[in-house]
Every structure is written in structure tokens, then in C-alpha cells.
Amino acid sequence: TAMPDLSMYSTAISRNVSEAAGQQVQRELSEIKYSGHTVRPGEVYKTTAGQLKCKHIIHAVMDSAWATSGRKEFIESVVARCLEEAEKLQCKSIAIPALGAGGLGYSVSDCAEATINAVNRFSASHSELPTSHLRSVSLVMFDAAHLAPFRENLQQNPVPVVGSRAPVTEECTMAPEATMSLHASVKQGDVAKENVDAIVTTAMLSLNMDQAAMSRSVAAVAGPIVQRRLNSIKRERLIRSGQVCSTDSGALPCKFIIHAVMETYALSSGKQFIQDIVTECLKEADRLKCASIAIPALGAGGLGYSIQECAEATCTAVKQHHLQQQESGAGSCLKTVLMVLYDPSHLEPFRQACTRLLPSPMARSLRAGNQRRPHTTVAPVGEEQPVWMHSSSSSSSS
């Protein structure tokens, strides 16, 4: 998948592809972007494959489900264009993921139905053509939970085998699990300006972004669409203190805003409350298939929590969430956690908490044979440096 900016760091799947393919692919996309052509959702572009084993990469330009009407029709048209592009390139086989079923918000059932429909229509329209090239379509699922909807749709709408040249969808295959690595950093800055998959901001029970200083500043940049979505969430379900909800990001550079519903220190369990809500934010980021998240010092402003408590609770939550994902074997999309502090006086408490709390799982990794060493520092204003890196595989890189 690709977004209209054609940056391979805009979606989780394109980021993973970019890391494996190398920089050449992004350079080719940048040439397309700056050629004067207006890139629109629904279009597809092809590049070379860089260091990948395939011959070509077809980049499907998507838009979030919230910005798209006729969601199944949109996905079906995108898949159809991918198939036509593969045929144009004289490809004999193509691998297609569940386009849009991750952070873009499309339901996997819609993706499955639309994808199978597109393959069926392509097969029917090309079955009588003696020069048809595409013979095999593999549907590759990163999330094992996506297998069942695709298999069910394939059973209900099987792709007919017509002659020896017709493209045939044979099976659904699950991709290897995500590598369990995490890179945590501390920096000074404005969380609303971070170019990550998701940012976290505070919210009150009313979900009114004007009632907290941080959310008010986020809303000023994001625009009114975020508040409208929060109003819709409030009508749909009851939100309690300690819970989180997510919305689209409006005009912000990130893709999602995770709203942490807070309460004042006097009404809460103190440090444990912060730890629990940061954990909920990390879980929500994983649910949204985010690879990166920016977290501020939640509660350290007008809500009355001390910066030391915020720092310790945040670092503990990051460590425990990562270890739980590792021990469960579930894997995690989340690879980068930025702790973004608006007040420069907050840097030192967070640096100390990271130094004290985060290296312990790294030591565990070293005992297991991983010779990667932790690197602890704090960044000057406007920059970031890693304060904790952990990988469960000596061959993976942060």
C-alpha cells in the first residue's frame, strides 16, 4: 500500500517492504511524486523490487476508510488495477496482501470480498485471451486472524479454472510473524508534529478537546474533523476514565490520534493509573497495526501527576508490554516508541527512568546470546536518540 505522498514510511506494510528492498524503491517513488503528476487514491504505480526476490513492486495508493465512500468498491477497483498492471508487466504470478485491513481502517471481511470479486472479474475478462500472462494470484495474510475471512470468500466465490492460461487463486498464506524488536527514544518537542503512525494525547471524560491543554493544542493543528469523530464515539458508547479511543489524525502528519481518557491525580491510583493507560495506548497502537508511536508525559501538566511518576510509569509500561508480546509469541507491529516531552525540564526524569528501567530486558537478551548492547542517552532539543533497544533475534536491526 501507499499513501498519496508516496512515502514508504506512511504505512506499516510499505515500511516493512522498504526495509527489505532498500532505498532504490523510495527513490523511484519520489521521482514519480515530483514529476508533476498528481497522485490520487485508487491509482497504482510500479517500481523495481530493489533487494526483494520479486521482479516488480506494484504500489496501490490508498486512503483511510473514514475518508472513503463505497469502501468495498474502492478496494475492488484498486485490486483490479493491480492485476491489470501485473498483466501489463507480463507477470505470471502476483502476491496481494489484505489491502487496507490494517491501520487504514477497512474491515477484513470487506477486503476479502472485494479482493476475491476483483480476481474473479479479472479471470472472467481474460479467460478467452490467448496471450494472457497472469496465472497465479497468492493472497498473503500477515495477520493469522485474516485467513478465515479470505478462505470463506474463496470457497463461496471460487475462481474458475479456464484453460491453461487463466489466473487461478490457489491458497491463502500467512506471512512470517513480526520480528520482536523495539526501539525507545526520548526527545523534546511537540507530539502533534511527530511524523509517526500514532500520537497520544490526553482527553477528559467529555471527550471535548478544549478541556485539556495538550488536546487543545493538538486540535488546533488537526482541525475540527477529530472533534467530530470524538463526538460520534461518545454517542456510540460509554467512555470511562482509564480507557482509550482512536481517531483519524486530520491535518497532522501522523495517521492516528490515540486519546487517553485521564482523571486528576486526586481521583486516581497515581503512578499505576499512568502505567495502565500507557499500556492501553500501546495495545491500541498494536491493534491499529502501527509501527511507531509518540507518547507525551501523560498527566504531568494540570492533572497533578509528578513528572517522576509519569516517567517511571511510562517506561515500565513500555517494557512490560514488549516483554508480554515476546513471551506470548504473538508478535507486535510496534517497533518505535518516542517519548516526546514539551517541557525541557522533563527530559532528565525520563532519561533517568529509561536508564534504570529499560535496560533490564536487554541484559536478558545478552544472556541469551544477543551481543547487541543498550545505548542510553538523551537528545538535544529537536533531535532524538535511542534510550533502549531490544531485539529477540541477533540478525534483526532496530
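Calculation criteria
- Residues numbered from 1 in each chain as written.
- Predicted model: local features only at pLDDT ≥ 70, side-chain atom pairs only at ≥ 80, totals over all residues.
- Heavy atoms only, no water.
- Helix = DSSP H or I, 4+ residues; strand = E, 2+ residues; numbered from the N terminus.
- Buried < 20%, exposed > 50% of the residue type's maximum accessible area, 1.4 Å probe, protein only.
- Contact = heavy atoms within 4.5 Å.
- Areas by Shrake-Rupley, 256 points an atom, 1.4 Å probe, with all protein chains shown as cover.
- Axes fitted to C-alpha atoms, helices over the stretch in contact; angles between N-to-C directions.
- Left-handed = near helix turned anticlockwise from the far one by under 90°.
- Arc of directions from axis to C-beta.
- Polar contact = N/O pair within 3.5 Å; in protein donor to acceptor, adjacent residues only side chain to side chain.
- Core = buried A, V, L, I, M, F, W, Y, C linked by side-chain atoms within 4.5 Å.
- 1 Å grid on protein atoms, 1.4 Å probe; cavity = no way out; pocket = protein on both sides within 12 Å on 5 of 7 lines; lining within 4 Å.
- Points joined across faces, edges and corners; volume = space filled by probe spheres on them.
- Nonpolar A, V, L, I, M, F, W, Y, C, P; charged D, E, K, R; others polar.
- Salt bridge = Lys/Arg side-chain N within 4 Å of Asp/Glu carboxyl O.

Trainee: Which parts of the structure should I look at to understand the overall build of the chain?
Mentor: Helix and strand counts for the chain come out as 11 helices and 12 strands. Buried residues in the chain amount to 52% of all 398 residues. Considering only residue pairs separated by 6 or more positions, the chain has 72% of its internal contacts joining residues 24 or more positions apart. Summed over its atoms, the accessible surface of the chain is roughly 18300 Å², and 50% of this surface lies on carbon and sulfur atoms.

Trainee: What's the story with the packing of helix α4 (residues 108-126) against helix α5 (residues 147-156) in this structure? I'm lost.
Mentor: Helices that pack against each other are described as a pair by the angle of their axes relative to one another and the distance between those axes. One can describe the packing of α4 onto α5 by two numbers: an axis separation of 9 Å at closest approach and a directional angle of 35°. As for the relative orientation of α4 and α5, their crossing is right-handed in sense. Of the residues in α5, those touching α4 at Val108, Ser109, Cys111, Ala112, Glu113, Thr115 and Ile116 are Pro149, Phe150, Asn153 and Leu154.

Trainee: What's the story with helix α10 (residues 347-357) in this structure? I'm lost.
Mentor: The periodicity of an α-helix, 3.6 residues per turn, causes residues three or four positions apart to be oriented the same way. Buried residues of α10: Leu347, Pro349, Phe350, Ala353, Cys354 and Leu357, and no others. Each buried residue of α10 sits inside an arc of 165° when the element is viewed along its axis, so together they form one side.

Trainee: When you look at the side chain of serine 215 in this model, what are you seeing that I'm missing?
Mentor: Relative to the helices and strands, serine 215 is located in helix α6 (residues 213-222). The exposure class of serine 215 is buried, given its relative accessible area of 1%. One polar contact links the side chain of serine 215 to the main-chain carbonyl oxygen of methionine 209, over a distance of 2.9 Å. Beyond its immediate sequence surroundings of up to four residues, serine 215 is in contact with Thr201, Thr202 and Met209.

Trainee: Can you help me understand the nonpolar core in this one?
Mentor: Within soluble globular proteins, side chains that are nonpolar tend to cluster in buried spots. Ranked by internal contacts, the top residues of the largest apolar core, which has 45 residues, are Met262, Ile293 and Met339. Mapped by element, the contributors of at least two residues to this core are β6 (181-188), β7 (198-203), β9 (256-261), α8 (271-287), β10 (292-295), α9 (307-328), β11 (336-341) and α10. When sequence neighbours within four positions are dropped, the list of residues in contact with methionine 262 reads Thr202, Ala203, Met204, Ser241, Phe273, Ile274, Ile277, Leu298, Gly299, Leu303 and Tyr305. Val79, Ala101, Ala112 and Ala114 belong to the second largest nonpolar core, which has 33 residues in total.

Trainee: For this particular structure, what's the right way to read the layout of surface pockets?
Mentor: Regions of empty space are outlined by a rolling probe, equal in size to a water molecule, passed over the atoms. Of the volumes computed, that of the second largest pocket is approximately 490 Å³. Along its surface, the second largest pocket is lined by 22 residues, and Thr202, Ala213, Met214, Ala297 and Gly301 are the ones closest to its centre. Contributions of two or more residues to the lining of the second largest pocket are made by α6 and β11. Ranked by residues supplied to the lining of the second largest pocket, first place goes to α6 with three residues. Taken together, the residues that form the lining of the second largest pocket break down as 12 nonpolar, eight polar and two charged.

Trainee: When you look at the environment of phenylalanine 74 in this model, what are you seeing that I'm missing?
Mentor: Here phenylalanine 74 shows up in helix α3 (residues 71-88). Residue phenylalanine 74 is classed as buried on the basis of its relative accessible area, which comes to 13%. When the C-alpha atoms of phenylalanine 74 and proline 41 are compared, they prove to be 9.1 Å apart, with 33 residues separating the residues in sequence.

Trainee: Before we go on, may I ask you to explain the side chain of threonine 314 in this structure?
Mentor: For threonine 314, the location among the structural elements is in helix α9. Judged by relative accessible area, threonine 314 falls into the buried class, the value being 1%.

Trainee: What's the story with the pattern of salt bridges in this structure? I'm lost.
Mentor: Side-chain pairs of opposite charge can arise whenever the charged atoms involved come near each other. One pass over the full model with this rule turns up 11 salt bridges. The residue glutamate 76 makes a salt bridge to arginine 121 at a minimum N-O spacing of 3.1 Å. One end of the pair, glutamate 76, is in helix α3; the other, arginine 121, is in helix α4, and 45 residues separate them in sequence. By relative accessible area, glutamate 76 is classed as buried at 14%. Residue arginine 121 is classed as exposed on the basis of its relative accessible area, which comes to 60%.

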